[in-house]
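Structure assessment
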Amino acid sequence: MQCNWLCAVALATVCSAATAQQDAQSEIEQLKRRVEELEKRAPAPTPAPARGSSAFNPDISLVLQGTAARSSENPDDYQVSGFAPSGGEVAPPRRGFSLGESELIVSSNIDPYFRGQLVASLTPDNSVEVEEAFFQTPGLGHGFMLKGGRFLSNIGYQNPIHQHAWDFQDAPLPYKAFLGGRLDDDAVQVKWLAPTDLLVELGAEAGRGRSFPATDPNRNGAGLWTLFGHVGGDIGESTAWRTGLSYLHAEPTDRPMDVGATFSGRSSLWIADFIAKWAPNGNSSITNVKAQGEYFRRSEDGDLTFAATPGAYSSRQSGWYAQTVYQFMPRWRVGYRYDRLDHGSVSSSLTSAQLPLVLADYNPSRHTLMADWSPTEFSRIRLQLAEDKSRAGVTDRQVLVQYIFSLGAHGAHTF
Amino acid sequence: MRLLLAVLLAAVGLQAHAALNILACTPEWGALAKELGGDKVNVYTAATALQDPHRIEARPSLIARARNADLMVCTGAQLEIGWVPLLQSQSGNSKIQTGQPGYFEAASAVSLIEKPTSVDRSMGDVHPDGNPHLHLDPRNIAAVAAALAERMASLDSTQASYYRSRSQDFLARWKDATARWEKQAAPLKGMPVVVYHKDLSYLLNWLGMREVGALEPKPGIPPSTAHLSELLEQLKKTPAKAVLRSAYNDPRPADWLAERARVPSVMLPYTVGGTERAKDLFGLYDDTIDRLLAGVK
């Protein structure tokens, strides 16, 4: 009895398997016919690019840089007199031959909603630094964009531009004094574009405040935040311009100020920026001119501590730079930059013997000249001369030759 | 109450008839979008004929236009790789991202020529997908027009029949004009010429002309004195009938060579707006053919 029942089950299974097979076969026949019909109808098939599993590899590019430099003063002693040390990489390049930062840039769409990018910097002293690692939404609709991770803040004009795309080898003095070279934080950014024919861009960032002027507060919430707005457009076919205003706020704790002194309090910075580019008929490939400038104004209020002695500190300091670069024939450009810091008003209950650097009433300034040759958009060789009066009473004469080479995926030309 | 209703209806009506905002990367696609879209579209063109299409910058005005675009019409094949990806990523506009219906590439509608078998940057500014300057063959314009009209119809379905009928009308006129140009240009067949950049390949290919040299030693590398002298030596042995360049090219190297090789230097509009006569696509071809015929007379 039991056997019969089992046999019946087995038979049923075999039968159903057989019918399933028949079904599958007729389906295959049908599909074959349909494919043949389609083949007759469709034009010659275009061969698909044979890239296989590499088709989804992200875009990879690499930037190689190096300098040969000569300076009359020792770059290791570099400081900006009259201003609190910003702790960033602000010193002029090392004397003699030295490798610059090699940047590895990997970027790709993640899915239809996100895009990701990593910029890893291989430093000449054999360490790896994550310069940028962020995701970004190409469009949330209504002109909104979101970015998160570590990235160069969008304040000012030059801040979001990578060093290899700068027109001079080093950062302008106000960037060195007020931002430690640049603001590169772990943050989120929201940006909105107005639905107008004139570019109107408004945005805000909230970050950890991992570097100058903040001090990595190790607390819940943001340690640094920014607001920025930019407006830009064209004047005729030949000129394009953009101008903007940015604000940065941080509340540093025990930030080093001078030998043995620390600052805790509030720091806010305003930046006004301007850039204009001109080319005959807007055709920049033969000749073009670029003019840019930024004005920085910082106020800091709080407490200074020197050798366990507390004191008050308040400062209003400013700085600016203006530069112009002229491409006078294909491949060749020359440029001039003037930058200057104003010591402004600094008041403290401590004496200048206790705070020699910060209380030095000195206005640093610098003249820089450059000429560069770019055989293609992937290579550039630059000669740069500077007369640097960052240090009180000292004129540092600098000469450097720099190379910048880009390999791999085509980089984009940011404005 | 009635007034409010009327205002609301008018607002809805306006919304329904809001024109399609088109951002064209280069003038030829701007002109084509106008031919197909008539008064139902607003067209803004990012580059002019006097600007090198490889080297446009993602300037603020273009980011603002990209933010408001419903459709972006570009060449593709990496011609605009230096600036279109930036416009896409900085515009905050999800409609015009690659892969979305609001991003149209002309190269997707035609088959490209001069597809390199291998690419390396030592070869200069080569485009791995093939030569992207595809609009100087009228047959390509026809193929792109048909595909673009369909794309516009699908994005703005209320006006679909309008775009389709304009497209049919354009294609009929274009077919007649193409036949006329081919007849006019018959004497140019087999003629050897020197070009500036590889941006006239489709034109030469269509008219059966022969390229015997290029002023650029490698694509995208500006002409050097050494290369020009070499070219001059070569022309003494195998002469060319003319030195051709596009409106956006530097005239000096072309004139230098033409003067020494004792051949005419012919400037071609390259795209719509390149010369006074090249006001639209028809004018572009009329003027191009007349200039070629006049140059080699």
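Look a little higher up for the structure.
Analysis parameters
Residues numbered from 1 in each chain as written. Chains lettered and ligands numbered in written order. Predicted model: local features only at pLDDT ≥ 70, side-chain atom pairs only at ≥ 80, totals over all residues. Heavy atoms only, no water. Pairing = 2+ DSSP bridges. Helix = DSSP H or I, 4+ residues; strand = E, 2+ residues; numbered from the N terminus. Axes fitted to C-alpha atoms, helices over the stretch in contact; angles between N-to-C directions. Contact = heavy atoms within 4.5 Å. Patch = residues over 30% accessible without salt bridge, like charges linked within 9 Å, V, L, I, M, F, W, Y side chains within 5 Å. Areas by Shrake-Rupley, 256 points an atom, 1.4 Å probe, with all protein chains shown as cover. Salt bridge = Lys/Arg side-chain N within 4 Å of Asp/Glu carboxyl O. Buried < 20%, exposed > 50% of the residue type's maximum accessible area, 1.4 Å probe, protein only. Core = buried A, V, L, I, M, F, W, Y, C linked by side-chain atoms within 4.5 Å. Phe/Tyr/Trp six-rings, centres within 6.5 Å; stacked < 30°, edge-to-face > 60°. Lys NZ or Arg CZ within 6 Å of the ring centre and 35° of its normal. Buried area = accessible area lost by both parts, 1.4 Å probe. Polar contact = N/O pair within 3.5 Å; in protein donor to acceptor, adjacent residues only side chain to side chain. Nonpolar A, V, L, I, M, F, W, Y, C, P; charged D, E, K, R; others polar.

Section: the sheet that holds strand E4 (residues 103-105) of chain B
Residue and element names in this part refer to chain B. The 4 strands lie next to each other as E2-E1-E3-E4, forming an open sheet whose pairing is parallel. Because the sheet does not close on itself, it has two edges, and the strands there are strand E2 (41-45) and E4. Mean inter-strand twist for the sheet, computed between neighbouring axes without regard to direction, equals 20°. Pairing of strand E1 (residues 20-24) with E2, which is carried by 5 bridges, proceeds in the parallel orientation. Considered in E2, the bridge of Leu20 is made with Val41. Taken strand by strand, helix H2 (residues 27-37) contacts E1, E2 and strand E3 (71-74), and its axis lies near 170° from that of E2.

Quick look at the environment of B:Lys40
All names here are of chain B. Position of Lys40 relative to the elements: it lies in the loop between H2 and E2. The sequence separation of Lys40 and Asn21 amounts to 19 residues, and the corresponding C-alpha distance is 9.1 Å. Once residues lying within four places of it in the same chain are set aside, the contact partners of Lys40 are Ala19, Leu20, Gln159, Tyr162 and Tyr163.

A few points about a nonpolar patch on the surface
Residue and element names in this part refer to chain A. A surface patch of nonpolar side chains, amounting to about 850 Å² of accessible area, comprises Leu64, Leu99, Tyr336, Leu369, Ile381, Leu383, Leu385, Val399, Val401, Tyr403 and Leu407. In terms of residue count, strand E18 (residues 396-408) provides more of the nonpolar patch than any other element does, 4 residues in total. Among the secondary structure elements, Val399 is positioned in strand E18. Accessibility expressed as a relative area gives 35% for Val399, which makes it partly exposed.

As for the nonpolar core
If you look at the biggest cluster of nonpolar residues, it comprises 60 residues, and the most contacted ones within it are B:Trp29, B:Leu32, B:Leu134, B:Met152, B:Phe170, B:Leu244 and B:Leu281. Top contributing element to this core by residue count: helix H5 (residues 138-155) of chain B, with 7 residues. For B:Met152, the residues in contact, after removing those within four places along its chain, are B:Leu20, B:Ile22, B:Ala33, B:Leu36, B:Gly37, B:Val41, B:Leu71 and B:Tyr163. By size, the runner-up hydrophobic cluster in this structure holds 27 residues, among which are A:Leu248, A:Leu269, A:Ile271 and A:Phe296.

Side note on the packing of aromatic side chains
Considering all chains together, one arrives at 24 aromatic pairs over all chains under this definition. Pairing A:Phe144 with A:Trp192 gives two aromatic rings, centres 6.2 Å apart and planes at 40°, and the pair type is tilted. Of this pair, A:Phe144 sits in strand E6 (residues 144-152) while A:Trp192 sits in strand E7 (residues 184-193); the two residues are 48 residues apart in sequence, bridging distant segments of the chain. Between B:Trp181 and B:Phe282, the aromatic rings sit 6.4 Å apart at their centres with planes inclined by 45°, giving tilted as the arrangement. Placement of the pair is B:Trp181 in helix H6 (residues 160-184) and B:Phe282 in helix H10 (residues 281-295), with a sequence separation of 101 residues. Over the ring of A:Phe134 we find A:Lys147; its NZ or CZ atom is 4.5 Å from the centre of that ring. Above the plane of the ring of B:Tyr162 lies B:Lys40, whose end atom (NZ or CZ) is 4.9 Å from the centre.

As for the sheet that holds strand E5 (residues 192-195) of chain B
Residue and element names in this part refer to chain B. Pairing in this open sheet of 4 strands is parallel, and the strands run E6-E5-E7-E8 from one edge to the other. The open sheet is flanked by strand E6 (210-214) and strand E8 (265-268), the only strands paired with a single partner. Averaged over all neighbouring strand pairs, the angle between strand axes comes to 35°, with direction disregarded. Against the sheet, H10 engages strand E7 (242-246) and E8, with an angle of about 175° to E8.

Concerning the interface of chain A and chain B
Tallying the contact residues gives 44 residues for chain A and 36 residues for chain B. Approximately 3100 Å² of surface area, both sides summed, lies buried where chain A meets chain B, with 54% of it carried by carbon and sulfur atoms. Across the contact surface, chain A and chain B share 3 salt bridges. B:Glu57 is the partner of A:Lys277 in a salt bridge, and the nearest nitrogen-oxygen pair spans 2.7 Å. Here chain A is connected to chain B by 13 residue pairs in polar contact (both at pLDDT 80 or more). Listing elements by their share of the side of chain A that touches chain B, those giving two or more residues are E6, E7, strand E9 (224-235) and strand E10 (239-250) of chain A. Residues that form the side of chain A that touches chain B fall into these classes: 18 nonpolar, 19 polar and 7 charged.

Considerations on the pairing of strand E13 (residues 288-306) of chain A
Residue and element names in this part refer to chain A. In terms of strand pairing, strand E12 (residues 261-278) meets E13 through 18 bridges, oriented antiparallel. Bridge assignment links Trp278 to a residue of E13, and that residue is Val289. Where E13 folds back onto strand E14 (residues 309-329) in an antiparallel hairpin, the turn is made up of 2 residues, including Ala307, whose phi is positive at roughly 45°.

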